[in-house]
Amino acid sequence: MEIWINPACSKCRSALSVLDAEGAGYTVRRYLDDVPSQDEIRGVLARLGLEPWDITRTQEAEAKELGLKDWPRDESARDRWIAALAEHPKLIQRPIITADDGSAVVGRTEEAVRDALSRSAG
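Below is a short write-up of the structure. Keep in mind that what you see is a predicted model, and the values were worked out from it rather than measured. (Residues numbered from 1 in each chain as written. Predicted model: local features only at pLDDT ≥ 70, side-chain atom pairs only at ≥ 80, totals over all residues. Heavy atoms only, no water.)

## A word on the overall build of the chain
Across its full length, the chain carries five helices and four strands. The secondary structure elements of the chain, listed N-terminal to C-terminal, are β-α-β-α-α-α-β-β-α. Rg of the C-alpha trace for the chain: 14 Å, near the compact-globule value of 14 Å for 122 residues, within the 12% margin. With the C-alpha coordinates of the chain rotated into their principal frame, the extents come out at 40 × 25 × 25 Å. The burial tally for the chain puts 45% of its 122 residues in the buried class. Contacts spanning at least 24 positions in sequence make up 62% of the contacts within the chain whose residues lie at least 6 apart. Averaging the locations of the 17 positively and 22 negatively charged side chains of the chain gives two centres separated by 5 Å. (Helix = DSSP H or I, 4+ residues; strand = E, 2+ residues; numbered from the N terminus. Rg over C-alpha atoms; globule rule 2.2 N^0.38 Å. Buried < 20%, exposed > 50% of the residue type's maximum accessible area, 1.4 Å probe, protein only. Contact = heavy atoms within 4.5 Å. Lys, Arg positive; Asp, Glu negative; His and termini not counted. Charge placed at Lys NZ, Arg CZ, Asp CG, Glu CD.)

Written as structure tokens, this is what we have:
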């Protein structure tokens, strides 16, 4: 199990607390320092079952500078969104937890973190 975090994010710290309380084994990826490639973002999106705009923090200053809210949200624009996430990792919703069963969740709630744990147990 891997968790993509920004240490400054309270939801990330909460997710880590849940994982630690449950004694879960996991790897931390500080994705602002160890930026995911476009292929890694595509892989996580497939595991999440989401599109890139679904995991984009559109209220960030960088998103506003790029005008993301006006970008099309369809297949033709998908690569453009993925490239923006790779170039501006701060725009990636967090934390993202990849479970051992090949799925992933955006762990913004304790329930979502526990869901990832249940997919990684035994």
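## Points about the packing of aromatic side chains
Counted according to the given criterion, the structure contains two aromatic pairs. Residues Trp 53 and Trp 81 carry aromatic rings whose centres are separated by 5.8 Å and whose planes lie at 70° to one another, so their mutual orientation is edge-to-face. Of the two residues, Trp 53 is situated in the loop between helix H2 (38–48) and helix H3 (61–66) and Trp 81 in helix H4 (residues 78–87); the sequence distance between them amounts to 28 residues. A relative accessible area of 13% means that Trp 53 is categorised as buried. One aromatic cluster in this structure is built from Trp 53, Trp 71 and Trp 81. Its guanidinium or amino end placed over the ring of Trp 71, Arg 80 lies 3.8 Å from that ring's centre, counting from NZ or CZ. (Phe/Tyr/Trp six-rings, centres within 6.5 Å; stacked < 30°, edge-to-face > 60°. Lys NZ or Arg CZ within 6 Å of the ring centre and 35° of its normal.)

## Some words on the side chain of Ser 120
Locating Ser 120 in the fold gives a position in helix H5 (residues 110–120). On the basis of relative accessible area, Ser 120 is assigned to the buried category, the value being 15%.

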